Amino acid sequence: PADPATPIIMVGPGTGVAPMRGFLQDRASSGARDNVLFFGCRGEDDFLYREELEGFQATGFLRLFVAFSRREGSPKTYVQHLIAAQADLMRDLLGRGAHVYVCGDASKMAPDVRAAFAEILGGPSEVEDMVARARYCEDVWAAQSV
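What counts, and where the lines are drawn
Residues numbered from 1 in each chain as written. Predicted model: local features only at pLDDT ≥ 70, side-chain atom pairs only at ≥ 80, totals over all residues. Heavy atoms only, no water. Helix = DSSP H or I, 4+ residues; strand = E, 2+ residues; numbered from the N terminus. Buried < 20%, exposed > 50% of the residue type's maximum accessible area, 1.4 Å probe, protein only. Lys, Arg positive; Asp, Glu negative; His and termini not counted. Salt bridge = Lys/Arg side-chain N within 4 Å of Asp/Glu carboxyl O. Contact = heavy atoms within 4.5 Å.

A. Highlighting the side chain of Arg27. Structurally, Arg27 is set in helix α1 (residues 18–29). Buried and unpaired, Arg27 has no salt bridge, with Asp34 as the nearest side chain of opposite charge at 6.6 Å. Not counting residues up to four positions away in its chain, the partners in contact with Arg27 are Pro1, Asp3, Pro4, Thr6, Pro7, Ile8, Ala32, Asp34 and Asn35.

Next comes the structure, spelled out in structure tokens:
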């Protein structure tokens, strides 16, 4: 969003986090602090850009939520689970005009994330309305067998 006061919610598990780094760098340079990132990885060893992301969090430019799907001794957790757990925060940010950016797997993650936001907002039509107003943007892909 052009206005740095507009909150953003980013969902970027795995390599889907790459474009979110650019968003964070740009927003930090303009002083924008209402930035939330849901990142997902298998375990501690797959936590891409950890130092950078935790640095943004430490300086107040990011609220970071990390889902570990294969961490020893913990149940499988995916980004959509964390989004649902943060429903109150999501409703607050969305009520203040937040934009949502989703990047990553199109086969499971993107539909599950969209469903989580639909549940929070009151139905799929609410998400479709955000898409129509360019407030919910996806950059997703899926591998296909030939």
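B. Just unusual backbone geometry, in detail. Unusually for a residue other than glycine, Tyr49 sits at a positive phi of about 55 degrees. Relative to the elements of secondary structure, Tyr49 occurs in the loop between β2 (35–41) and α2 (50–58). Of note, the phi angle at Ala134 is positive, near 60 degrees, even though the residue is not glycine. Considering the arrangement of structural elements, one finds Ala134 in the loop between α6 (124–132) and β5 (136–141). Take Ala134: its relative accessible area is 44%, and that puts it in the partly exposed class.

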